[in-house]
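# An overview of the molecular structure
So the chains spell out like this:
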Amino acid sequence: MASISLQHIVKVYSGGVTAVNDFNLEIKSEEFIVLVGPSGCGKSTVLRMIAGLEEITGGELYIGERLVNEVSPKDRDIAMVFQTYALYPHMTVYKNMAFSLELKKMPKDEIDLRVREAARVLDIEHLLTRKPKALSGGQRQRVALGRAMVRNPAVFLLDEPLSNLDAKLRASMRTELIKLHGRLGTTFVYVTHDQTEAMTMGDRIVVMKDGLVQQVDTPQNLYDMPCNVFVAGFIGSPQMNILKGVLHRNTDDAAGADGKSYVEIGEDKLYLPPEKCSNALLAFAQRDVFVGIRSEDLHDDEAFLAENPNAVITAKVDVAELMGSEVYLYLQYRETSLTARVAPNTTSRIGDTVKIGIDVSKIHLFDALSERNILI
C-alpha cells in the first residue's frame, strides 16, 4: 500500500483560472481520506492530478517514495472509480472486470482468480454473465469497484461514485465501501460534495473552498471545532446556526453573569461560562463576532429554560417538522432564521412565539473580520 504526499500543489488552467492553490496534504498508507466542498472548489481536480489525468502546474506529488509529476496514469499503481461507472456496455460483467488485466497480458487463470475473488467480496458472483444494461445502479457501481479491485492498486481514487444512486442505496453503499476499505487495507481517496458521506466514511476529511484547503481533521473534530465560519456552516446537517453579535468584557454583577464576558445580540445578552473566557478571547472584546450554535444546542423544554435563565431568546416558529425521534423547529429570530432539533414531545407549534434556551457551553465564536474561530 502507499502513502500520498501533495506538496504546494497548484493547478492553473488556460486563461489564468486557478483551480487549486498551494494544496498541501499528507495521506497515510491505508487511510480513508475524503475531499469535500461545494461544486467548483477544486476537489475533483486534486483527485485527477493524483491520477495523472490533469497536469500539475506547480508543486510536487509523491505516491509512496516516488515523485510522479511526470509519470503516466498507467504507471502510478492507482485505480479510479468514476461517477458515471464507465462500464463497457457490450461486455459482460466478467469481461468488464477482466479487461485491464487482459491488456497487461496476465495469465488467464490469474485473471479468473482475481475476478472471481473480487466478485465474491462485492457479492456480484451471480451477475458475471450479465451486461451493464441488465444491472441496477447499485450493481453497476459494484462492478466498477470490482474492475478497480482486480488490479490490486496501491491507491483507490473515487470521484463521487454514489451521486447517481437513490438515497436508500447511497446509504447502503456507504456501508459497503467502509467494509471494503477494511478488507482491502488500501489507501482510499474519496471525493464528494455530500458532507454526510464525508462524515460517515472518512478517517480524515479535507474541507475545500475556492481551491484552498480550509481544514483537515477527523470528522468529530471538524464538527466540534470548525476553524472558520465556512467549515462550521458546511459540516453538519442541519448546518450550524450563525448569528451576528458583539463580544463584551463583563462588568455586570447580575445573577448568572459570573463569566468574564458576554455576547450581545440585539437586545439579548448571552453570558459565556468561565471556561470559554480565556485571555485570548477577551482580546476580541468590543469587536463584532459571529455566534455559531448547533441545532441540537437550542432547547424549548421548560427544565432547560428554568436552569439557564441568562441564555434565553424569543423566536417565532415558522415550520415544525416531525422527524420521528425528534422535531426540527425552523425559527425566525430577529432578522435571522434558526433551526432547532428538539424532543418529539415539544409543545411548540407553527405560528407560536416561543422561548428558546441556548447551551452556551457549546457555542462557537468567530471573528467577524477574519471569520476564524476564536475559541480554539
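In case you missed it, the structure is sitting above this.
Note that the structure is predicted; figures quoted are calculated from it, not measured. (Residues numbered from 1 in each chain as written. Predicted model: local features only at pLDDT ≥ 70, side-chain atom pairs only at ≥ 80, totals over all residues. Heavy atoms only, no water.)

## Section: the overall build of the protein
Rules: In DSSP terms, a helix is any run of H or I states spanning at least four residues, a strand is any run of E spanning at least two, and both are numbered starting from the N terminus. Summary of the burial criterion: residues with accessible area below 20% of their type's maximum are buried, those above 50% are exposed, and those between are partly exposed, where the area comes from a 1.4 Å probe applied to protein chains only. We call two residues in contact when some of their heavy atoms are within 4.5 Å. The Shrake-Rupley method, run with a 1.4 Å probe sphere, supplies the accessible areas, and residue values consider only the shown protein chains as cover. In this tally, Lys and Arg are treated as positive and Asp and Glu as negative; His is ignored, and so are the chain termini. By convention, the charge on Lys lies at NZ, on Arg at CZ, on Asp at CG and on Glu at CD.
Helices and strands together make up the secondary structure of the protein, namely ten helices and 20 strands. For the protein, with 376 residues in total, the buried portion stands at 50%. Restricting the contact set of the protein to residue pairs at least 6 apart, pairs at least 24 apart contribute 65%. A total of about 17700 Å² of accessible surface is found on the protein, and carbon and sulfur atoms cover 49% of it. Within the protein, the 50 negative side-chain charges are centred at a point lying 9 Å from the centre of the 42 positive side-chain charges.

## Structural notes on the sheet that holds strand β16 (residues 312-322)
As a reminder of what qualifies: Pairs of strands are assigned from DSSP output, requiring at least two bridges between the strands.
Spatially, the five strands line up as an open sheet ordered β15-β19-β16-β17-β18, and their pairing is antiparallel. Two strands bound the open sheet, and with one partner strand each, they are β15 (298-299) and β18 (336-342). In the sheet, β16 pairs with strand β17 (residues 327-333) via six bridges, with the strands oriented antiparallel. If you follow A320 over to β17, its bridge partner there is L329.

## So, the sheet that holds strand β9 (residues 204-209)
This is how the line gets drawn: Only C-alpha atoms enter the line fits that serve as axes; for helices the fit covers just the stretch in contact. Angles between N-to-C directions range over 0 to 180 degrees.
Strands sit in the order β6-β7-β8-β3-β9-β10 across an open sheet of six strands; the sheet is mixed. Sheet topology places β6 (78-81) and β10 (212-217) at the edges, where each strand pairs with a single neighbour. Shown here is a sheet whose adjacent strand axes are inclined to one another by a mean of 15°, direction ignored. In terms of strand pairing, β6 meets strand β7 (residues 155-159) through four bridges, oriented parallel. Bridge assignment links M80 to a residue of β7, and that residue is L157. Contacting β6 and β7, helix α4 (residues 137-149) runs over the sheet at an angle of about 170° to β6.

## As for the packing of aromatic side chains
Two aromatic rings are characterised by how far apart their centres lie and by the angle between their planes. In plain terms, the rule: Stacked, tilted and edge-to-face pairs are distinguished by plane angle, under 30 degrees for stacked and over 60 for edge-to-face with tilted covering the rest, among Phe, Tyr and Trp rings (Trp via its six-membered ring) whose centres lie within 6.5 Å.
Taken as a whole and assessed by the stated rule, the structure comprises seven aromatic pairs. Seen in terms of ring centroids, F156 and F188 are 4.9 Å apart; in terms of plane orientation they differ by 35°. Their pairing is tilted. Placement of F156 in strand β7 and of F188 in strand β8 (residues 187-192) is noted, with a sequence separation of 32 residues between them. Summarising the aromatic geometry, the rings of F230 and F234 are spaced 5.6 Å apart at their centres and angled 20° between planes, so their arrangement reads as stacked. Taken together, the positions of F230 and F234, both in helix α8 (residues 229-234) and four residues apart, correspond to about one turn of that helix.

## Things to note about the pattern of salt bridges
To be explicit about the condition: A side-chain nitrogen of Lys or Arg and a carboxyl oxygen of Asp or Glu constitute a salt bridge if their distance falls within 4 Å.
This structure, assessed with the given rule, holds 14 salt bridges. The salt bridge partner of R334 is D268, with a shortest N-O separation of 3.4 Å. Taken as a pair, R334 in the loop between β17 and β18 and D268 in strand β13 (residues 268-271) lie far apart in primary sequence, 66 residues in all. Of the residues examined, R334 reaches a relative accessible area of 41% and is grouped as partly exposed. Ionic pairing is found between D367 and R287, a salt bridge with its closest N-O pair at 3.3 Å. One end of the pair, D367, is in strand β20 (residues 364-367); the other, R287, is in strand β14 (residues 287-293), and 80 residues separate them in sequence. Note on D367: relative accessible area 5%, which makes it buried.

## A closer look at helix α3 (residues 108-122)
Since the α-helix packs 3.6 residues into each turn, any two residues three or four apart lie on the same face. To keep it simple, the criterion reads: Helix span is expected to be 1.5 Å times the residue number reduced by one. Directions are taken from the helix axis to each C-beta atom, and the arc is the one they span.
Helix length check: α3 (15 residues) gives 21 Å between terminal C-alpha atoms against 21 Å at 1.5 Å per residue, within 8%. Those residues of α3 not exposed but buried are I111, V115, A118, A119, V121 and L122. Projected down its long axis, α3 shows its buried positions confined to an angular sector of 165°, all on one face. Opposite its buried face, α3 presents the exposed residues D109 and L113, each directed more than 90 degrees away. In the core, the buried residues of α3 are packed alongside α2 (93-103), α4 and α5 (167-184).

## Here we look at the side chain of R76
Basically, it comes down to this: The term polar contact refers here to a pair of N or O atoms within 3.5 Å; inside protein, the definition further demands a hydrogen-donor-capable atom paired with an acceptor-capable atom, and it admits residues adjacent in sequence only when both atoms are side-chain atoms.
Mapped onto the elements, R76 comes out in the loop between β5 (66-67) and β6. Although R76 is buried, it forms no salt bridge, and the closest oppositely charged side chain is E70 at an N-O distance of 7.4 Å. Polar contacts involving the side chain of R76 include one to the main-chain carbonyl oxygen of M49, which spans 2.9 Å. Of note is the side chain of R76, whose polar atom sits 2.9 Å from the backbone oxygen of V71. Not counting chain neighbours up to four residues away, the residues in contact with R76 comprise M49, I50, A51, G52, L61, I63, R66, V68, N69 and V71.

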